[in-house]
Amino acid sequence: MSLKVYLSGEIHTDWREQIIDACQGLDVTFDSPVTDHAASDDCGVAILGAEENKYWHDHKGAMVNAIRTRKGISDADVVVVRFGEKYKQWNAAFDAGYASALGKSLIILQQPEHDHALKEVDAAALAMTRTPQEVAQILRYVLTGALPS
């Protein structure tokens, strides 16, 4: 068995690299949104032209980024969504809902302080985790049947 995993959500920490490193040797491929924050914010105006109004600046970027996000989630077997500590992650919640609507296996990665706010998101997930290591252990178990030692 092999898995295609889309890593969505918070882009300010190295959680993606931790999961990828912990899954070395497994038949798994990873994809994610563009994690260069400036490039992600400015892609729309860099490609389609400047906007005086910040709303349209952001809107253009969101539309261009959505092409990659939709493709990544649609192609994935498993979608992992990380909710970070610092920022409100509306895009992450949207990605989780989109993945759930497509019937994707959904793993949520969040801290305890978000438990109440994310209760509906968590209810749609097949697993709610606290650490990147737990995500990697789930992927390892799914692919090999091996429990953590």
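Residues numbered from 1 in each chain as written. Predicted model: local features only at pLDDT ≥ 70, side-chain atom pairs only at ≥ 80, totals over all residues. Heavy atoms only, no water.

Chemist: Run through the packing of helix 2 (residues 37–48) against helix 3 (residues 54–75), naming residues and quoting values.
Modeler: Between helix 2 and helix 3, whose axes approach to 7 Å, the crossing angle comes to 95°. The angle between the axes of helix 2 and helix 3 places the two elements in the roughly perpendicular class. For the pair helix 2 and helix 3, the contacting residues are Ser40, Asp41, Asp42, Cys43, Gly44, Val45, Ile47 and Leu48 in the first and His57, Lys60, Gly61, Val64 and Asn65 in the second. (Axes fitted to C-alpha atoms, helices over the stretch in contact; angles between N-to-C directions. Helix = DSSP H or I, 4+ residues; strand = E, 2+ residues; numbered from the N terminus. Parallel < 35°, antiparallel > 145°, perpendicular 65-115°, else oblique. Contact = heavy atoms within 4.5 Å.)

Chemist: Residues and numbers for a nonpolar patch on the surface, please.
Modeler: Taken together, Met1, Tyr141, Val142 and Leu147 make up a surface patch of nonpolar side chains, about 480 Å² in accessible area. Secondary-structure assignment places valine 142 in helix 6 (residues 132–144). Relative accessible area serves as the criterion here: at 39%, valine 142 is assigned to the partly exposed category. (Patch = residues over 30% accessible without salt bridge, like charges linked within 9 Å, V, L, I, M, F, W, Y side chains within 5 Å. Areas by Shrake-Rupley, 256 points an atom, 1.4 Å probe, with all protein chains shown as cover. Salt bridge = Lys/Arg side-chain N within 4 Å of Asp/Glu carboxyl O. Buried < 20%, exposed > 50% of the residue type's maximum accessible area, 1.4 Å probe, protein only.)

Chemist: Which residues make up the packing of aromatic side chains, and what are the values?
Modeler: Within this structure, the stated rule accounts for one aromatic pair. Seen in terms of ring centroids, tyrosine 55 and tryptophan 56 are 4.8 Å apart; in terms of plane orientation they differ by 85°. Their pairing is edge-to-face. For tryptophan 56, a relative accessible area of 43% puts it in the partly exposed group. (Phe/Tyr/Trp six-rings, centres within 6.5 Å; stacked < 30°, edge-to-face > 60°.)

Chemist: Which residues make up the pairing of strand 4 (residues 105–109), and what values do they have?
Modeler: Counting buried residues along strand 4, four of its five residues qualify, which places the element largely inside the surrounding structure. Strand direction decides the pairing type here: strand 3 (residues 78–82) and strand 4, joined by five bridges, are parallel. When the bridges of strand 4 are listed, arginine 82 appears paired with leucine 109. Taken together, the three bridges between strand 4 and strand 5 (residues 127–129) define a ladder with parallel strand orientation. Its bridge partner lying in strand 5, leucine 109 is registered against threonine 129. In terms of handedness, the path from strand 4 via helix 5 (residues 119–124) over to strand 5 forms a crossover that is right-handed. (Pairing = 2+ DSSP bridges. Right-handed = clockwise from strand over helix to strand, strands pointing away.)

Chemist: Requested: an account of the nonpolar core, with residues and values cited.
Modeler: Membership of the largest hydrophobic core comes to 17 residues, with the highest contact counts inside it found for Val5, Ile19, Val80 and Leu139. Listed by contribution, the elements that provide at least two residues to this core are strand 1 (3–9), helix 1 (15–22), strand 3, strand 4 and helix 6. When residues in this core are grouped by element, the largest group, four residues, is from helix 6. Beyond its immediate sequence surroundings of up to four residues, isoleucine 19 is in contact with Leu7, Phe30, Val80, Pro132, Val135, Ala136 and Leu139. Of all hydrophobic cores here, the second largest spans 14 residues; its members include Tyr6, Ala92, Ile108 and Leu118. (Core = buried A, V, L, I, M, F, W, Y, C linked by side-chain atoms within 4.5 Å.)

Chemist: Can you tell me about the sheet that holds strand 2 (residues 28–31), naming the residues and giving the values?
Modeler: With respect to topology, five strands assemble into an open sheet ordered 2-1-3-4-5, the strand pairing being parallel. Each having just a single partner strand, strand 2 and strand 5 make up the two edges of the open sheet. Here the average twist between neighbouring strands, direction ignored, is 20°. In this fold helix 3 packs onto strand 1, strand 2 and strand 3, with an angle of close to 140° to the strand it touches most, strand 1.

Chemist: Requested: an account of the pattern of salt bridges, with residues and values cited.
Modeler: Applying the stated criterion to the full structure yields eight salt bridges. In this structure, the salt-bridge partner of glutamate 10 is arginine 82, at a minimum N-O distance of 3.1 Å. Placement of the pair is glutamate 10 in the loop between strand 1 and helix 1 and arginine 82 in strand 3, with a sequence separation of 72 residues. Across this residue pair, the class does not change: glutamate 10 and arginine 82 are buried. The closest approach of N and O atoms between glutamate 120 and lysine 119, which form a salt bridge, is 3.8 Å. One salt-bridge network, held together by shared partners, links Glu10, Arg82 and Glu85.

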